[in-house]
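Examination of the molecular architecture
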Amino acid sequence: MRADIVVLPGDGIGPEVTRAATRVLQAVADRYGHHFTLSTHLIGGAAIDATGDPLPPATLAACRAADAVLLGAVGGPRWSDPQAKVRPEQGLLALRKGLNLYANLRPVQPHPVALRASPIKPHLLAGVDLMVVRELTGGIYFGDKQRSADGASDLCGYTVVEIERVMRRACELARKRRRHVVSVDKANVLETSRLWREVATRVVAEEFPDIELEHQLVDSMAMHLLARPRDYDVIVTENMFGDILTDEASMLAGSLGLLPSASIGEGRNGVYEPIHGSAPDIAGRDIANPCGAILSVALLLRHSLQLEEEAVAVEQAVAQALDEGALTADLAGAGLSGQPAIGTDATARAVLDRLCAPLCAVQLRD
Ligand code: IPM
Ligand code: MG
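Digging into the pattern of salt bridges
All chains considered together, the criterion is met by 24 salt bridges. A salt bridge links R134 to D243; the nearest nitrogen and oxygen atoms lie 3.7 Å apart. Of the two residues, R134 is situated in strand β5 (residues 130-135) and D243 in helix α10 (residues 239-250); the sequence distance between them amounts to 109 residues. When its relative accessible area of 1% is taken as the criterion, R134 is described as buried. Between R302 and E315 there is a salt bridge whose closest N-O contact spans 2.9 Å. Taken together, the positions of R302 in helix α11 (residues 291-303) and E315 in helix α12 (residues 308-323) put the pair 13 residues apart, joining distant regions of the chain.

What to know about the side chain of H180
Within the secondary structure layout, H180 lies in strand β8 (residues 180-185). Leaving out residues up to four positions away in the same chain, H180 has contacts with A174, E212, E214, D231, D233 and V234.

Comments concerning the layout of surface pockets
Its volume calculated, the largest pocket comes out at about 830 Å³. Elements that contribute at least two residues to the lining of the largest pocket include exactly β4 (103-108), α7 (160-175), β11 (260-264), α11 and α12. It is α12 that contributes the most residues to the lining of the largest pocket, 5 residues altogether. Residue composition of the lining of the largest pocket, by class: 15 nonpolar, 5 polar and 9 charged. When its volume is computed, the second largest pocket comes out at roughly 390 Å³. In terms of lining, the second largest pocket is formed by 22 residues, of which the most central are L92, D243, I275, H276 and G277.

Quick look at the domain arrangement of the protein
Examined at the domain level, the protein breaks down into domain 1 (1-101 + 255-366) and domain 2 (119-253). Here domain 1 and domain 2 have C-alpha centroids that lie 25 Å from each other. Contact residues are listed per partner, giving 14 residues for domain 1 and 12 residues for domain 2. The contact between domain 1 and domain 2 buries some 1,200 Å² in all, and 59% of this surface belongs to carbon and sulfur atoms. In terms of surface lost to domain 2, no three residues of domain 1 exceed L93, R96 and K97, which account for 33% of the buried area on that side. For the interface between domain 1 and domain 2, the tally reads 0 salt bridges. Joining domain 1 to domain 2, the criterion identifies 3 residue pairs in polar contact (both at pLDDT 80 or more). Going through the elements one at a time, α4 (88-98) and β11 are the ones with two or more residues in the side of domain 1 that touches domain 2.

Section: the sheet that holds β5
In any sheet, the strands associate via hydrogen bonds between backbone groups, in a parallel or an antiparallel arrangement. Strand order across the open sheet formed by 10 strands is β2-β1-β3-β12-β11-β4-β5-β10-β8-β9, with mixed pairing between neighbours. The outermost strands of the open sheet, each flanked by one partner alone, are β2 (35-40) and β9 (212-217). Averaged over neighbouring strand pairs, the angle between their axes works out to 25° when direction is ignored. Relative to β9, β8 runs parallel, the two sharing 6 bridges. Considered in β9, the bridge of V181 is made with L213.

What counts and how
Residues numbered from 1 in each chain as written. Chains lettered and ligands numbered in written order. Predicted model: local features only at pLDDT ≥ 70, side-chain atom pairs only at ≥ 80, totals over all residues. Heavy atoms only, no water. Salt bridge = Lys/Arg side-chain N within 4 Å of Asp/Glu carboxyl O. Helix = DSSP H or I, 4+ residues; strand = E, 2+ residues; numbered from the N terminus. Buried < 20%, exposed > 50% of the residue type's maximum accessible area, 1.4 Å probe, protein only. Contact = heavy atoms within 4.5 Å. 1 Å grid on protein atoms, 1.4 Å probe; cavity = no way out; pocket = protein on both sides within 12 Å on 5 of 7 lines; lining within 4 Å. Points joined across faces, edges and corners; volume = space filled by probe spheres on them. Nonpolar A, V, L, I, M, F, W, Y, C, P; charged D, E, K, R; others polar. Domains from an automatic or database assignment. Buried area = accessible area lost by both parts, 1.4 Å probe. Polar contact = N/O pair within 3.5 Å; in protein donor to acceptor, adjacent residues only side chain to side chain. Pairing = 2+ DSSP bridges. Axes fitted to C-alpha atoms, helices over the stretch in contact; angles between N-to-C directions.

What follows is the structure, encoded as structure tokens:
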């Protein structure tokens, strides 16, 4: 298969973890005989420095023309002056909106090694397999923002269509899983949440009668997510609740550095990025965990290129590397392997070795 993939390294640890991820992508191409054309473009703070714009028109145009986009992270203290007119994060939000990527998929499946790195008791974590579907192009992130001398406001709005389409995505995913969807809102307080609940109930009743739907208020969901994470399958929620709940859910997996995400819309194109931020404090030191970025490659292969076998191979290679103790400081620091932490590049190497192992074995036999 041929595919054009845009790479947006961004800021902080973005370039390091993206380098690791593109090496894996290239290895997949070599092993399976695909031809991926990668082109790198500017986003975030790096784009502000170079052009004054966190999402230069050339970047958006390249992303629109691509089959998929692989992104590192954006942001950093250099660009976070509260008075600043442009911020790196605006580039990411404009990209999501510009490509109409309204559904953000954040799977959480704690790896056995990482279980011990989690602050949650291991017996609560075994068997956890969640898919959080976060609405990504609506709500308070994109509502009108006002600032006056003595106050500020952010408008949270949702249309019926915006809720329907993300709900359908969540239900379609649930059909391939355990057919259980929890819709999270704050319907006891917010009007947008009352609409959300109404639409969720109707979509499931009319179009997905085989799906079991449960509603949860976001505050109690935050609690249940830690107390009984095994009870959940697909969790669907609005933009900001999803942002917060997925950082919380990452602790189930032991480290924020392990979790990938896929942002998708109606077409095949999507943006794939680790859920972690740019971590400027550890940038450029070869200590960042590249697994979230590498696992984002697996999601890219699965959702944009429909290469399921290749996606599973990447996921298995990461799992095996972790099993065998290839742990960056965020995981090894928890005393998991009894071995010293390895760096970003070495972790990528460990994954590449596992990814190529079956092929190398065949070549050796030949
Ligand atoms: C995320 C991030 C972003 C968000 C930031 C960087 C704008 O936290 O992808 O979860 O809030 O969506
Ligand atoms: Mg976030």
